[in-house]
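This is what each chain is made of:
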Amino acid sequence: MTGNLTGETHRPGRIEVVCGSMFSGKTEELIRRMRRAKFARQKVEIFKPAMDTRYSEDDVVSHDRHSIKSTPIESSAEILRLSSDIDVVGIDEAQFLDNGIVDICNTLANRGVRVIVAGLDMDYQGIPFGPIPALCAIADEVSKVHAICVKCGALAYVSHRIVDNDRRVLLGETGEYEPLCRDCYQKAMKKDV
């Protein structure tokens with residue numbers, strides 16, 4: 001919050017997007033930012049898609065098993081209803097939410113809420129994923145984080161699926177996906193053909 005000359009306070013709303021491939025630390029960064037806000041005695045609420053039950057039905061959990069309490073939601077519309085009188089809203093795995101999340105994030109930021117969104121920017125085929133590209137476009141700040149390519153050690157570009165399944169949404173972790181750089185991904189795709 002900031003104050004003006006008359007002593008009134010103003011909460012500067014904004015949208016922060018943390019995106020990248022799997023195993024890049026997106027959820028870790030979301031948890032870190034949310035914990036800092038809690039430490040600063042701000043009212044926080046974190047949401048995640050109800051379909052993401054990989055590590056916990058209720059908590060947001062990173063691949064390193066760090067966690068924070070969250071509210072599972074079926075649709076983005078629930079966020080507005082559940083976030084009144086909140087200073088900071090966190091949203092994990094936003095690629096799985098409907099496109100309404102874009103307007104909701106704008107509405108919250110325009111109300112003075114800090115919105116922190118984490119999600120995959122591309123699917124396993126390297127195609128922009130869900131509402132993340134639109135969220136990046138309206139964000140005040142975008143942090144692209146990178147995993148390390150498991151083949152060559154370069155910065156990873158994409159989450160390469162290593163199991164035979166062509167559904168766009170397949171919840172998984174190291175048994176289903178590996179981070180690859182662009183070059184190693186192209187080589188892997190040639191082998192898969």
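Described below are features of the structure shown in this document. Computed from a prediction, not measured in an experiment: that's the story for all the values here.

Procedures and definitions
Residues numbered from 1 in each chain as written. Predicted model: local features only at pLDDT ≥ 70, side-chain atom pairs only at ≥ 80, totals over all residues. Heavy atoms only, no water. Core = buried A, V, L, I, M, F, W, Y, C linked by side-chain atoms within 4.5 Å. Buried < 20%, exposed > 50% of the residue type's maximum accessible area, 1.4 Å probe, protein only. Helix = DSSP H or I, 4+ residues; strand = E, 2+ residues; numbered from the N terminus. Contact = heavy atoms within 4.5 Å. Pairing = 2+ DSSP bridges. Axes fitted to C-alpha atoms, helices over the stretch in contact; angles between N-to-C directions.

Remarks on the nonpolar core
Link 1 in the chain: Among the nonpolar cores identified, the biggest contains 23 residues, and I79, I91 and L135 are the most heavily contacted of them.
Link 2 in the chain: Looking at which element gives the most residues to this core, the answer is helix α3 (residues 100-110), with 6 residues.
Link 3 in the chain: Once you skip the residues sitting within four places of it in the chain, I91 turns out to touch L30, I46, F47, I79, L97, I101, C105, V115, I116, V117 and A118.

Quick word on the sheet that holds strand β7 (residues 71-73)
Link 1 in the chain: Taking strand neighbours across the sheet as the criterion, the 6 strands line up as β7-β4-β8-β9-β3-β10 in an open arrangement whose pairing is parallel. What marks the edges here is a single partner per strand, and that holds for β7 and β10 (141-145). Taking each pair of neighbouring strands and ignoring which way they run, the sheet shows an average axis angle of 20°.
Link 2 in the chain: Where strand β4 (residues 44-49) lies against β7, 3 bridges are found, and the strand directions are parallel. Across the sheet, the residue bridging to F47 is T71, located in β7.
Link 3 in the chain: Contacting β3 (14-20), β4, β8 (88-91), β9 (114-120) and β10, helix α1 (residues 26-39) crosses the sheet at an angle of about 165° to β9.

Remember, this is a structural readout, not a statement about activity or role.
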